[in-house]
Amino acid sequence: MVVHRIYKKKQLMVGSTGRKQRKKVFDWINVAFMLIFAAMSVYPLIYVLAGSFNEGADYITGGIYLFPRKFSLENYQVVINDIRLWKSYGITLARTILGTVSGVIFTAIVAFAMSRKSLLGRNWIYRFFIFTMFFGGGLIPYFWVINLLGLFDSFFVYIIPALFSVYNMLVFVNFFKTIPEEIHESAVMDGASEFKIFFRIILPLSGPVISTIGLWIAVGHWNSFFDTMIYTSNNNLWTLQYYLMKVIKESSMPAAGVSLPIELLEKIAPETVSLAAIIVSVIPIFVLYPLILKTLTKGVVVGSLKG
């Protein structure tokens with residue numbers, strides 16, 4: 001009996017050691033995979049950054065992959081002097097700020113209503129919203145609607161169609177359901193209206209999910225160029241990403257029409273100036289994202305997993 005117990009104990013120890021070794025191998029493979037994935041994600045930015053700080057005449061000869069071979073700031077000098085860039089920057093900033101604020105508030109109001117079980121026809125409205133997530137009228141009918149509403153060649157074509165998102169609404173609803181119902185009941189007993197409850201109680205308690213949805217909407221506005229291409233014909237309504245797309249696609253000098261010294265023109269190339277413009281365009285995202293990373297992670301977990 002004693003020998004049997006000792007043998008069984010040794011078997012358990014061997015099995016435990018084998019599991020630990022397999023887990024350790026898996027951890028090493030997982031770490032290696034994540035490092036490779038991180039390198040693949042970061043390298044395009046490094047490549048663009050290296051090219052933006054390299055002399056254009058030297059860059060077009062090739063061989064710039066990690067570091068600039070001939071360091072130069074002329075590309076950024078050209079970008080700073082380009083009026084078209086700053087106009088599109090202004091449009092994108094205005095669009096992102098106004099679109100994010102209005103989109104968050106409008107979507108949150110709808111989500112608050114949908115989170116109330118007393119809402120008349122709530123289930124049917126849910127079904128209608130879900131239907132619109134998977135089926136749409138297509139680009140041409142949508143363009144006709146935009147035109148009929150007078151939004152073509154208008155700044156508000158960037159704002160009004162993006163006020164509401166069903167997916168964002170569902171995230172808001174899931175978060176609102178985590179707020180104790182007793183808070184709402186107490187406010188109603190004190191005579192507060194639904195609007196006062198929403199703006200005075202619900203919104204202040206919804207910081208994590210607001211920052212999450214706000215970041216999603218802001219990044220969407222910042223990166224958008226398709227609506228500029230389809231619904232505008234006015235150069236003064238160009239967004240930053242559409243401007244960059246035109247510059248890269250046409251391989252034209254971004255500072256066209258700007259008088260530059262001859263010695264400067266000899267050191268730059270359309271490719272390197274375009275890379276410098278790309279770096280300038282992503283600076284706000286790099287500044288904003290780390291500031292709200294903590295609340296973003298918390299908001300995704302709370303808003304998406306709890307019901």
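Here the structure is a predicted model, which is why all the values come from computation and not from measurement.

### Examining the layout of surface pockets
By volume, the largest pocket amounts to about 620 Å³. Contributing elements (two or more residues each) for the lining of the largest pocket: α5 (122-134), α6 (139-148), α7 (166-176), α10 (207-223) and α11 (226-231). Top contributing element to the lining of the largest pocket by residue count: α6, with four residues. Considering only enclosed or pocket space, the second largest pocket measures out at about 220 Å³ in volume. Lining the second largest pocket, in full, are Phe-112, Ser-115, Arg-116, Lys-117, Phe-176, Lys-177, Ile-179, Pro-180, Glu-181, His-184 and Ile-202. Taken together, the residues that form the lining of the second largest pocket break down as five nonpolar, two polar and four charged.

### Regarding the packing of α5 against α7
Orientation of α5 relative to α7, taken along the N-to-C sense of each, is 135°, at an axis distance of 9 Å. When the axis of α5 is compared with that of α7, the two are oblique. Between α5 and α7, the contacting residues are Tyr-126, Phe-129, Ile-130, Thr-132 and Met-133 on the first element and Val-166, Tyr-167, Met-169, Leu-170 and Val-173 on the second. Tallied by class, residues from the contact of α5 with α7 come to nine nonpolar, one polar and no charged.

### Points about the pattern of salt bridges
Tallying each qualifying case throughout the model produces two salt bridges. A salt bridge links Asp-227 to Arg-95, with the shortest nitrogen-to-oxygen separation between them at 2.5 Å. Here Arg-95 lies in helix α4 (residues 83-114) and Asp-227 lies in helix α11, a separation of 132 residues in the sequence. Owing to a relative accessible area of 12%, Asp-227 belongs among the buried residues under this scheme. A residue is classified by how much of its surface remains accessible, and Arg-95, at 4% relative accessible area, is buried. The closest approach of N and O atoms between Glu-181 and Arg-116, which form a salt bridge, is 2.6 Å.

### Some details on unusual backbone geometry
Despite not being glycine, Asp-153 has its phi angle at roughly 60°, a positive value. Within the fold, Asp-153 resides in the loop between α6 and α7.

### Focus on the nonpolar core
Ranked by size, the top nonpolar core spans 23 residues in total, and within it Met-169, Phe-172, Phe-176, Phe-198, Ile-202 and Ile-213 carry the most contacts. For this core, the secondary structure elements donating two or more residues are α4, α5, α7, α9 (194-202) and α10. With 22 residues, the next largest nonpolar core counts Val-48, Val-247, Ala-276 and Ile-279 among its residues.

### Looking at a nonpolar patch on the surface
A cluster of nonpolar side chains, Val-42, Tyr-43, Ile-46, Tyr-47, Tyr-65, Leu-66 and Phe-67, forms an exposed patch at the surface whose accessible area comes to about 690 Å². Here Tyr-65 lies in the loop between α2 (56-59) and α3 (74-80).

### Some remarks on the packing of helix α8 (residues 181-189) against α9
Close contact between α8 and α9 brings their axes to 10 Å; oriented N to C, the two are set at 125°. Looking at the two axes, α8 sits oblique to α9. The way α8 lies across α9 gives a crossing that is right-handed. Of α9, the residues touching α8 (which contributes Ile-183, His-184, Ala-187 and Val-188) are Glu-194, Ile-197 and Ile-201. Taken together, the residues that form the contact of α8 with α9 break down as five nonpolar, one polar and one charged.

### A look at the packing of aromatic side chains
Centre distance and the angle of the planes are the two values used to describe a pair of aromatic rings. Enumeration over the complete set of coordinates arrives at 21 aromatic pairs. When the centroid spacing of 5.4 Å and the interplanar angle of 45° are considered together, the rings of Phe-112 and Phe-198 count as tilted. Of the two residues, Phe-112 is situated in helix α4 and Phe-198 in helix α9; the sequence distance between them amounts to 86 residues. One aromatic cluster is present, formed by Phe-112, Phe-172, Phe-176, Phe-195, Phe-198 and Phe-199 through successive ring pairs.

### Thoughts on α7
Most of α7 sits inside the fold, with eight of its eleven residues counted as buried. For α7, the complete set of buried residues consists of Val-166, Asn-168, Met-169, Val-171, Phe-172, Val-173, Phe-175 and Phe-176.

### Notes on the side chain of Thr-232
Along the chain, the position of Thr-232 falls in the loop between α11 and α12 (240-250). On the basis of relative accessibility, which here comes to 10%, the residue Thr-232 falls in the buried class. Polar contacts involving the side chain of Thr-232 include one to the main-chain carbonyl oxygen of Thr-228, which spans 2.4 Å.

Cut-offs and rules
- Note on numbering: residues in each chain are counted from 1, in written sequence order.
- Per-residue local features of the predicted model are confined to residues with pLDDT of at least 70, and side-chain atom pairs are confined, for both listing and counting, to 80 or more; whole-chain, interface and lining totals are unaffected and use all residues.
- Values shown for side chains rest on all heavy atoms present in the structure; no hydrogens or waters enter the calculation.
- Cavities and pockets are defined on a 1 Å grid built over the protein atoms alone: a cavity is a set of grid points where a 1.4 Å probe fits but cannot escape, while a pocket is an open set with protein on both sides within 12 Å along at least five of seven lines, and lining residues are those with an atom within 4 Å of any such point.
- Grid points are joined across faces, edges and corners, and a volume is the space filled by probe spheres set on the points.
- We count a stretch as a helix when DSSP gives it H or I for four or more residues in a row; a strand needs E for two or more, and each element gets its number in order from the N terminus.
- Polarity classes work like this: nonpolar for Ala, Val, Leu, Ile, Met, Phe, Trp, Tyr, Cys and Pro, charged for Asp, Glu, Lys and Arg, and polar for all others, with Gly in that last group.
- Note on geometry: axes are C-alpha line fits, over the in-contact stretch for helices, and angles between N-to-C directions span 0 to 180 degrees.
- Each angle receives one of four descriptions, namely roughly parallel if under 35 degrees, roughly antiparallel if over 145, roughly perpendicular if within 65 to 115, and oblique otherwise.
- Contacts are residue-level and defined by heavy atoms, with any inter-residue pair within 4.5 Å sufficient.
- Basic side-chain nitrogens of Lys or Arg form a salt bridge, by our definition, when they fall within 4 Å of a carboxyl oxygen of Asp or Glu.
- Any residue under 20% of the maximum accessible area for its type is buried, any over 50% is exposed, and the rest in between are partly exposed; the area is computed with a 1.4 Å probe on protein chains only.
- For this analysis, a nonpolar core means a set of buried residues of the types Ala, Val, Leu, Ile, Met, Phe, Trp, Tyr and Cys, connected via side-chain atoms within 4.5 Å.
- Nonpolar side chains (Val, Leu, Ile, Met, Phe, Trp, Tyr) are joined into patches within 5 Å and like charges within 9 Å, using only residues with over 30% relative accessible area and no salt bridge.
- Per-residue and other accessible areas were derived by the Shrake-Rupley procedure at a 1.4 Å probe size, with only the shown protein chains allowed to occlude residues.
- In this scheme the handedness of a crossing depends on how the near helix is turned from the far one: anticlockwise by less than a right angle means left-handed, clockwise means right-handed.
- Two rings from Phe, Tyr or Trp (for Trp, the six-membered ring) form a pair when their centres sit within 6.5 Å of each other. Planes less than 30 degrees apart are called stacked, planes more than 60 degrees apart edge-to-face, and all others tilted.
- Polar contacts, as counted here, are pairs of nitrogen or oxygen atoms within 3.5 Å of one another; within protein the pair requires one atom able to donate a hydrogen and one able to accept it, and residues that are adjacent in sequence qualify only if both atoms are side-chain atoms.

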